[in-house]
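Here's the letter readout for the chains.
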Amino acid sequence: NDKYTLDEMYNRDIAAKQVIEFATGDSEAATDFKESTTKLFGKDAKSFTCKIYDKSTFYYYIFSYKHVTVSVNFILNNQCIKAGFDPEQFIKENISLKKIPTE
């Protein structure tokens, strides 16, 4: 994304929790909301998680790279989480950043 700053996009996407509540009509649809920071590809990243009906967890990461904002998200069912799936480790092992033209 090159239209929004990292903070603008993060704030827009963090509102997704409220969208889930509005779409389902259920304030309990998205619970256990947690914000944090981490490092991905050596870049400072913002992140948040929330549980969806206690059946799965939504993971969201966002960081700036060159002149764009990059976000990665997962919805994991509880079985994956209990089996030890680590979204950050998955990103680090399976996603790479390529050189982005600066035009």
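Predicted model, so just to flag it, every value in this text is computed and none were measured. (Residues numbered from 1 in each chain as written. Predicted model: local features only at pLDDT ≥ 70, side-chain atom pairs only at ≥ 80, totals over all residues. Heavy atoms only, no water.)

A few words now on the packing of aromatic side chains. The tally for this structure, following the rule as stated, stands at seven aromatic pairs. Consider the rings of Phe 48 and Tyr 60, whose centres lie 4.8 Å apart with planes at 25°: the pair is stacked. Here the residue Phe 48 occupies a position in strand 2 (residues 43–52), and Tyr 60 occupies one in strand 3 (residues 56–65), the gap between them amounting to 12 residues. For Tyr 60, a relative accessible area of 1% corresponds to the buried category. Centroid distance Phe 74 to Phe 85: 6.1 Å. Interplanar angle 70°. Geometry classified as edge-to-face. With Phe 74 in strand 4 (residues 68–77) and Phe 85 in the loop between helix 3 (78–82) and helix 4 (87–94), this residue pair connects regions lying 11 residues apart in the sequence. In this structure Phe 74 comes out as buried when scored by relative accessible area, which is 13%. Judged by relative accessible area, which is 31%, Phe 85 ranks as partly exposed. (Phe/Tyr/Trp six-rings, centres within 6.5 Å; stacked < 30°, edge-to-face > 60°. Helix = DSSP H or I, 4+ residues; strand = E, 2+ residues; numbered from the N terminus. Buried < 20%, exposed > 50% of the residue type's maximum accessible area, 1.4 Å probe, protein only.)

Attention now goes to the side chain of Thr 31. Looking at the element boundaries, Thr 31 is found in strand 1 (residues 30–40). Here Thr 31 is in contact with Cys 50, Lys 51 and Asp 54, once residues within four sequence places are set aside. (Contact = heavy atoms within 4.5 Å.)

Moving on, we come to the side chain of Ser 56. Mapped onto the secondary structure, Ser 56 falls in strand 3. Setting aside anything within four residues of it in sequence, one finds Ser 56 in contact with Cys 50, Lys 51, Ile 75, Leu 76, Asn 77 and Asn 78.

This part covers the environment of Ser 56. Residue Ser 56 is classed as buried on the basis of its relative accessible area of 12%. Considering only alpha carbons, one finds Ser 56 and Phe 74, 18 residues apart in sequence, at a separation of 9.9 Å.

Looking now at the nonpolar core. In terms of nonpolar packing, the biggest core is built from 11 residues, these being Leu 6, Met 9, Tyr 10, Ile 14, Ala 30, Phe 48, Cys 50, Ile 52, Phe 58, Tyr 60 and Ile 62. Mapped by element, the contributors of at least two residues to this core are helix 1 (6–14), strand 2 and strand 3. Top element by residues in this core is helix 1. It accounts for four residues. In terms of nonpolar packing, the next biggest core, distinct from the first, is built from 10 residues, Leu 40, Tyr 59, Tyr 65 and Ile 91 among them. (Core = buried A, V, L, I, M, F, W, Y, C linked by side-chain atoms within 4.5 Å.)

With that out of the way, let us pick up the sheet that holds strand 1. Judged by pairing direction, the sheet is antiparallel, and its four strands sit side by side in the order 1-2-3-4 without closing on themselves. Only two strands of the sheet have a single partner each, and these edge strands are strand 1 and strand 4. Averaged over all pairs of adjacent strands, the angle between strand axes in this sheet comes to 15°, irrespective of strand direction. By the bridge criterion, eight bridges tie strand 2 to strand 3 in an arrangement that is antiparallel. Residue pairing for strand 3: Ser 47 is matched across the bridge by Tyr 61. Its contacts with the sheet place helix 4 against strand 1, strand 3 and strand 4, and it is angled at close to 125° to strand 4. (Pairing = 2+ DSSP bridges. Axes fitted to C-alpha atoms, helices over the stretch in contact; angles between N-to-C directions.)

That's the geometry; what it means functionally is another story.
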